[in-house]
Amino acid sequence: MERGYWIRSKPLYDSLVWKQQATGHVVVAQGEGGIAVLKLFQQMCPREPIKLLFADEDSAARKYADIIQTLVPEGLQICESEQAVLAALREQLPDCLMGTQFYVAGSEAFIWAVMDELKVYGVQDINVEKELSGTLARSVYCVHCKTTDKNVHHSIHQCSGCGRHLFVRDHFSRRLGAYMGVMVDAEEPGNIPAAEEIYP
Amino acid sequence: MNMAKNIAFKQETFRDDYTYSNSAEAIRRFPFPFAEDEYMYSVNIEQHDGGAPGSVFEHAIDIDEHYVAECEDRRITLEKDPGRYIALPHMKDAQWDMVELIMDSLSTDYPDLFQLSKDGDNWHWINKPLNIDQKFVFGDESTLPMEPFEYVGRQVQGDWVVMDQRDDDLFADMGIITSQADWSLAFDAGMSFKEWHGPVPQANELGIFDRALKYLLHLQYGSPVRRLNWTMTVNPRLDTSPEEYPLWGPDNVSVTADNVGQKVHLRVELQALFRLPRSNAMAFSIRGYLASIDDLKTYPRWAKRLRRVLTNLHPDLSEYKGLDNYRQLVIDYLAPMDDGADLGLGTHPE
Ligand code: HEM
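Quantities reported herein were computed from a predicted structural model and do not represent experimental measurements.

Calculation notes
- Residues numbered from 1 in each chain as written.
- Chains lettered and ligands numbered in written order.
- Predicted model: local features only at pLDDT ≥ 70, side-chain atom pairs only at ≥ 80, totals over all residues.
- Heavy atoms only, no water.
- Near = heavy atom within 4 Å.
- Polar contact = N/O pair within 3.5 Å; in protein donor to acceptor, adjacent residues only side chain to side chain.
- Helix = DSSP H or I, 4+ residues; strand = E, 2+ residues; numbered from the N terminus.
- Nonpolar A, V, L, I, M, F, W, Y, C, P; charged D, E, K, R; others polar.
- Pairing = 2+ DSSP bridges.
- Domains from an automatic or database assignment.
- Contact = heavy atoms within 4.5 Å.
- Buried area = accessible area lost by both parts, 1.4 Å probe.
- Salt bridge = Lys/Arg side-chain N within 4 Å of Asp/Glu carboxyl O.
- Phe/Tyr/Trp six-rings, centres within 6.5 Å; stacked < 30°, edge-to-face > 60°.
- Buried < 20%, exposed > 50% of the residue type's maximum accessible area, 1.4 Å probe, protein only.

**A word on the site of the ligand**
Residues and elements named next belong to chain B.
- Taken together, 23 residues form the shell around the ligand, and within it Tyr41, Trp196, His197, Tyr320 and Lys321 come nearest.
- Measuring from an oxygen atom of the ligand, one finds a side-chain N or O atom of Tyr41 at 2.4 Å.
- Of all the elements in the fold, those that place two or more residues in the shell around the ligand are β6 (159-166), α6 (193-196), α7 (208-217) and β8 (225-234).
- Looking at which element gives the most residues to the shell around the ligand, the answer is α7, with four residues.
- For the shell around the ligand, a count of residues per class yields 17 nonpolar, three polar and three charged.

**Thoughts on the sheet that holds strand β10 (residues 165-173) of chain A**
All names here are of chain A.
- Taken together, five strands build an open sheet; the order of strands is β7-β6-β11-β10-β9 and the sheet is mixed. Bordering the open sheet on either side are β7 (148-152) and β9 (157-158), each of which pairs with just one other strand.
- Sheet topology places strand β6 (residues 138-142) next to strand β11 (residues 178-183); three bridges connect them, and they run parallel. Within β11, the residue paired with Tyr141 across the bridge is Met180.

**A look at the domain arrangement of chain A**
All names here are of chain A.
- When the domains of chain A are assigned, the result is domain 1 (24-132) and domain 2 (138-183).
- Of note, the centres of domain 1 and domain 2, computed from C-alpha atoms alone, are 27 Å apart.
- Taken residue by residue, the interface counts six residues in domain 1 and seven residues in domain 2.
- Across the interface of domain 1 and domain 2, roughly 520 Å² is buried in total on both sides, 50% from carbon and sulfur atoms.
- Sorting the residues of domain 1 by area buried against domain 2 places Glu108, Ala109 and Trp112 first, and these three jointly supply 72% of that buried surface.
- Taken together, the links from domain 1 to domain 2 amount to one salt bridge.
- Two residues, Asp125 and Arg174, come together in a salt bridge whose shortest N-O distance is 2.8 Å.
- Viewed at the interface, domain 2 and domain 1 are joined by two residue pairs in polar contact (both at pLDDT 80 or more).
- Class assignment for the residues of the side of domain 1 that touches domain 2 results in two nonpolar, no polar and four charged.

**Observations regarding the packing of aromatic side chains**
Residue and element names in this part refer to chain B.
- Evaluation of the coordinates by the stated rule reveals 26 aromatic pairs over all chains.
- Considering the side-chain rings of Phe32 and Phe34, the 5.4 Å spacing of their centres and the 85° angle between planes classify their relative orientation as edge-to-face.
- Residue Phe32 is classed as buried on the basis of its relative accessible area of 3%.
- Here Phe34 falls in the buried class, since its relative accessible area comes to 1%.
- Taking 5.8 Å as the distance between ring centres and 10° as the angle between the ring planes, the aromatic pair formed by Phe114 and Trp125 counts as stacked. Separated by 11 residues along the polypeptide, Phe114 in strand β3 (residues 114-119) and Trp125 in strand β4 (residues 122-127) bring together distant segments of the chain.

Laid out in structure tokens, this is it:
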């Protein structure tokens, strides 16, 4: 394709910035998303109530919970794991009023796992601020066998479900929280390009 | 005279031994899409309010000689992969809208083949070509053997996407898709208009999707519109889905100078859009017509036109449509027929 071609379903992520005109703010972050949270709290904090759910990545060298704890005066809940953050969010969502603004930071898989929870309550994609942090790892949906593999760093990726070698497209499904993987050697079986780490 | 009386349904296949073929009549009414020697995407939308008798535009939903075989091919595909049918839970009203749209259109336009009688909500549907006789209560899902949209979707040619309209956008929240040109319903379900069109090259830069969406959001009930889209397919295969790409991918590199005339097919999609009354959703039908290069060649005007369009095609469109492996072979095959004469405007065969 000519230069200038890109697939518009590919989400673009921004830096978190407080939004005006909200009745409350809910920040949800994981792992390297801690940096995004710290950047957010360096900005002028809004007056409305703030709730922050955070979990460090167990395996990561860098941890943020302690620093965050010293900087965020109220509404902070440190969780044990990513799953615990999602569970806490699920539990507290029904109390969040209309007009709440949401902020999410972390890996792409985490961002869309949070979106899954928010969608249940009718929160629209465009009303959620998202910052991708730490890793470009992708979730890849194999269009042939419907398996979704998480933490994919390479294209070409070998599907854990059917073993096919998948080219990872930029076409992204928000519902599945994943990019489309398509068999790379369908036309000429066995002709498989080398896998490259392009999502470090 | 009602054309429907004359339809002789073919016994044929769209896979394995590929016995699909077109009658001379089917070729004559083929919706050839090229009015000029060059093709580029455009907002080619027009009213879908009837066309010349016998043409594919005559009725809201066209039924032709391939009806029975296409329904069978859909059945086989759905059996292998039930995920080709998707209806998100909030689409219940739209499901019944689709039952009404399809049954009303078919029974009105082809009364010899399809009959519908209504006594309040008690409906009686007869589909003669498929030997179906079904009484059910409109609005009561338990009176049909499966979800209402899947039920009617299995009895009509062409793929359907039904979109929910909200926040000034359209969302692909329901569909029955078994004959698509390499896109996946299971993957695209729930996407917005711009998202599912994400992979299409060039069109966004031309502002086509902005204008088309704006136009569609105001589509009125009772005033359907249509457009044509096209691509090419090796072998008369309906199920060129990404799901089955491992199966049909090798065909793309199987075209030679000797077999190009029979193997390569022009695939034209007659796409119609209908506003639905209860749900305010929008139905999008994608009705495919397949004609081999040899079929088309029976009309020299079409042969010349196709050769010129393929010669002038933007490389991004050629790549996106997957024609790169065999486009030149088609051009070369048709070259001896092209005397360079000015063809004038229009899609007509002669
Ligand atoms: C509203 C209902 C519509 C639906 C559900 C729909 C769906 C699709 C899908 C799924 C694709 C394939 C994308 C891929 O490669 O994954 C596509 C392609 C395309 N669509 Fe639409 N579409 C709709 C309306 C329109 C309209 C109104 C226009 C323009 C006026 C349009 C223009 C196109 C074009 C130019 C392509 C590329 C086709 C090709 O080169 O083969 N679509 N559409």
